[in-house]
Amino acid sequence: MSTGIGTLTVRPLDPLKDAALLHSWVTHPKAAYWMMQDAKLPDVEREYMRIAAHEHHHAYLGLHEGRPAFLMETYDPRYVELVGLYDPAPGDVGMHFLVAPTDRPIHGFTKAVITAVMDELFADPRTRRVVVEPDVSNKAVHALNEAVGFVAEREIDKPEKRALLSFCTREQFLAARGVAV
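Residue numbers run consecutively from 1 along every chain, following the written order of its sequence. A pLDDT threshold of at least 70 governs which residues receive local features in this predicted model, and a stricter bar of 80 or more applies before side-chain atom pairs are shown or counted, although totals over entire chains, interfaces and linings include all residues. To get the side-chain values, take all heavy atoms of the structure and skip hydrogens and water.

### Description of the overall build of the chain
Part 1: Comment: elements are numbered from the N terminus, with helices defined as DSSP H or I runs of at least four residues and strands as E runs of at least two. Secondary structure assignment for the chain yields five helices and eight strands.
Part 2: When the helices and strands of the chain are listed from N to C terminus, the series reads β-β-α-α-β-β-β-α-β-α-β-β-α.
Part 3: The C-alpha radius of gyration of the chain comes to 16 Å, within 12% of the 16 Å expected for a compact globule of 181 residues.
Part 4: Taking the principal axes of the C-alpha coordinates as reference, the chain spans close to 45 × 40 × 30 Å.
Part 5: Burial status follows relative accessibility: with a 1.4 Å probe on protein chains alone, a residue under 20% of its type maximum counts as buried, one over 50% as exposed, and anything between as partly exposed. When burial is assessed residue by residue, the chain has 45% of its 181 residues classed as buried.
Part 6: Looking at the chain alone, contacts between residues at least 24 apart form 60% of all its contacts between residues at least 6 apart.
Part 7: The Shrake-Rupley method, run with a 1.4 Å probe sphere, supplies the accessible areas, and residue values consider only the shown protein chains as cover. Surface accessibility of the chain: about 9500 Å² in total, with carbon and sulfur atoms responsible for 54%. Based on C-alpha atoms, the radius of gyration is set beside the globule rule, defined as 2.2 Å times the residue count to the power 0.38. Only heavy atoms enter the contact rule, under which two residues are in contact if any of them lie within 4.5 Å.

Encoded structure:
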């Protein structure tokens, strides 16, 4: 998908081939909310092998102009992450994303990434609503989520964090982009 900052694409993550790259991302101080700061390379390999083997959780490597630039995860909240914490609706898809740390930030890059991730999710006609559960203290991601159409519903307690459960329908996403629905 072409954006104002260049072309963003995604490909399935290769848990072994991409592990060293992911390790450098998830242990970076800017990835504190990813909760893998102390992970060793084998920990990252194991986590992404687990995701690769899971029927309801998927990981993708995002590319900017063909170079690795972000991580995207999708999950079915009926089976992963949010089981018992809300009543999933048909067509709900959970999402996580992480932009790679860089010494040369591009203005608007993170918003372009989350927009591309949402485009990718809504490209599947079965996706009716995207669900996220970021840490309640992650104000930067709350602002990004709101900018692409997410509406916060309530705080929930997950085993690893207090999270802000938020939803974005296809219509909310299109409206946030200024597309007539």
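Structure's up, so let's keep going.
### Examining the packing of helix α1 (residues 19-26) against helix α2 (residues 41-53)
When two helices pack together, their arrangement is given by the angle between their axes and by how far apart the axes lie.
Part 1: In this analysis an axis means a line fitted to C-alpha atoms, helices contributing only their contacting stretch, and an angle means the value between N-to-C directions, from 0 to 180 degrees. Running from N to C, α1 and α2 cross one another at 110°; their axes reach a closest spacing of 9 Å. Classified by the angle between their axes, α1 and α2 sit roughly perpendicular to one another. Each of Ala 19, Ala 20, Leu 22, His 23 and Val 26 in α1 lies in contact with α2, whose residues at this interface are Leu 41, Val 44, Glu 45 and Tyr 48.
Part 2: Residue polarity is assigned by list, with Asp, Glu, Lys and Arg as charged and Ala, Val, Leu, Ile, Met, Phe, Trp, Tyr, Cys and Pro as nonpolar; anything else, Gly included, falls into the polar class. Here the residues of the contact of α1 with α2 are counted per class, giving seven nonpolar, one polar and one charged. By definition in this entry, angles of less than 35 degrees are roughly parallel, angles greater than 145 are roughly antiparallel, angles of 65 to 115 are roughly perpendicular, and the rest are oblique.

### Description of the pattern of salt bridges
Part 1: Within this document, salt bridges are pairs made up of a side-chain nitrogen of Lys or Arg and a carboxyl oxygen of Asp or Glu, the two lying within 4 Å of each other. Considering all chains together, one arrives at 14 salt bridges under this definition.
Part 2: Via salt bridges that share partners, Glu 81, Glu 133, Lys 158, Glu 160 and Lys 161 belong to a single interconnected network.

### Description of α2
Part 1: The first and last C-alpha atoms of α2 sit 18 Å apart over 13 residues, in line with the 18 Å expected at 1.5 Å per residue.
Part 2: Its buried side turned inward, α2 meets α1, β3 (57-64) and β4 (67-75). How far a helix is expected to stretch is found by multiplying one less than its residue total by 1.5 Å.

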